Amino acid sequence: MAISSLAVFCGSKEGNNPLYCGHAIELGYMLAQQNITLIYGGSNKGIMGAVANAVLEKQGRVIGVMPKLLNGTEHSHYGISELHETEDMHSRKKLMYAKADAALALPGGYGTMDELFEMLTWNQLNIYDKKIFILNSGGFYDFLIGHLKMMEQEDFLYKKISEQLTIVSSPRE
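What you see is a predicted model; the values in this text were computed from it and never measured. (Residues numbered from 1 in each chain as written. Predicted model: local features only at pLDDT ≥ 70, side-chain atom pairs only at ≥ 80, totals over all residues. Heavy atoms only, no water.)

A. Structural context of the overall build of the chain. Each helix and strand in the chain was counted, giving seven helices and seven strands. Listed by position from the N terminus, the elements making up the chain come as β-α-β-α-β-α-β-α-β-α-β-α-α-β. The globule rule puts the C-alpha radius of gyration for 173 residues at 16 Å, and the 15 Å found for the chain is close to it. C-alpha atoms of the chain, sized along the principal axes, occupy 45 × 35 × 30 Å. For the chain, buried positions account for 47% of its 173 residues. Here the contacts in the chain between residues at least 6 apart in sequence split such that 70% fall between residues at least 24 apart. Accessible area for the chain stands at about 8,800 Å²; split by element, carbon and sulfur atoms hold 51% of it. Across the chain, the mean location of the 15 positive side-chain charges is 4 Å away from that of the 19 negative side-chain charges. (Helix = DSSP H or I, 4+ residues; strand = E, 2+ residues; numbered from the N terminus. Rg over C-alpha atoms; globule rule 2.2 N^0.38 Å. Buried < 20%, exposed > 50% of the residue type's maximum accessible area, 1.4 Å probe, protein only. Contact = heavy atoms within 4.5 Å. Areas by Shrake-Rupley, 256 points an atom, 1.4 Å probe, with all protein chains shown as cover. Lys, Arg positive; Asp, Glu negative; His and termini not counted. Charge placed at Lys NZ, Arg CZ, Asp CG, Glu CD.)

This is the structure:
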């Protein structure tokens, strides 16, 4: 399956490890070079801003989706190709996932976890059937991956993790 648009879920903060933004920038360059549209949370801050700015720097296409309530906190990025404003977080996730051929989680906080798990749940319930990736930059997701494996071992998942997720350590991978 060819990917022409990718939903990227990530933090509106940069985090402590420079690798997080480094991987976001590398990913952004790759998306633009491969003519893949970035669908993301619409912020000009943190890892979100880094990936969007990298795509734009290489003349790529960027679609942001920002809930009204976060516009003041996450700072909408008005230099992108399209910016959609939604009523709430659920509408944001639904629109991002509907516009994308696949989804990728970069490092982030509660919002990123919420987005990742909602996508996994929607795939499990056959609401969507799209590829989901985790970019485990610098081992950021090691503990989460361990917990997912525990959920699988304890028979709480309907599908194997490997059937629902592709875990990579670098954008190139």
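B. Quick peek at the sheet that holds strand β6 (residues 131–135). Sheet architecture is open: seven strands sit in the order β4-β3-β2-β1-β5-β6-β7, paired in parallel fashion. A strand with exactly one partner marks an edge of an open sheet, and here the two such strands are β4 (82–86) and β7 (166–168). Across the sheet, the mean angle from the axis of one strand to that of its neighbour is 20°, orientation sign disregarded. Two strands pair when backbone bridges link them, and strand β5 (residues 102–105) and β6 are joined in this way by four bridges, in the parallel orientation. Residue pairing for β6: Ala 105 is matched across the bridge by Ile 134. (Pairing = 2+ DSSP bridges. Axes fitted to C-alpha atoms, helices over the stretch in contact; angles between N-to-C directions.)

C. Region of interest: the environment of Lys 94. Among the structural elements, Lys 94 can be located in helix α4 (residues 89–99). C-alpha of Lys 94 to C-alpha of His 84: the two residues are ten residues apart in sequence and 12 Å apart in space. Excluding residues within four positions of it along the chain, Lys 94 makes contact with Trp 122 and Tyr 128.

D. Here's a closer look at the packing of helix α1 (residues 18–33) against helix α2 (residues 46–57). Remark: α1 packs on α2, axes separated minimally by 7 Å, with the N-to-C direction vectors making an angle of 30°. When the interaxial angle is binned, α1 and α2 end up roughly parallel. Considering the relative orientation of α1 and α2, their crossing is right-handed. Facing α1, whose interface residues are Tyr 20, Cys 21, Ala 24, Ile 25, Leu 27, Gly 28, Tyr 29, Leu 31 and Ala 32, α2 presents Gly 46, Ile 47, Ala 50, Val 51, Ala 54, Val 55 and Glu 57. (Parallel < 35°, antiparallel > 145°, perpendicular 65-115°, else oblique. Left-handed = near helix turned anticlockwise from the far one by under 90°.)

E. Highlighting α1. For α1, spanning 16 residues, the distance from its first C-alpha to its last is 23 Å, which sits close to the expected 22 Å at 1.5 Å a residue. What α1 keeps buried is the set Tyr 20, Cys 21, His 23, Ala 24, Leu 27, Gly 28, Met 30, Leu 31 and Ala 32. Those residues of α1 that are buried lie in contact with β1 (5–9), β2 (37–40), α2, β5 and β6. Capping of α1 at its N-terminal end is provided by Asn 17; its side-chain oxygen lies 2.8 Å from the backbone amide nitrogen of Leu 19. Looking one or two residues past α1, Asn 35 carries a phi angle of roughly 60°, positive in sign. (Expected span 1.5 Å × (residues − 1). Polar contact = N/O pair within 3.5 Å; in protein donor to acceptor, adjacent residues only side chain to side chain.)

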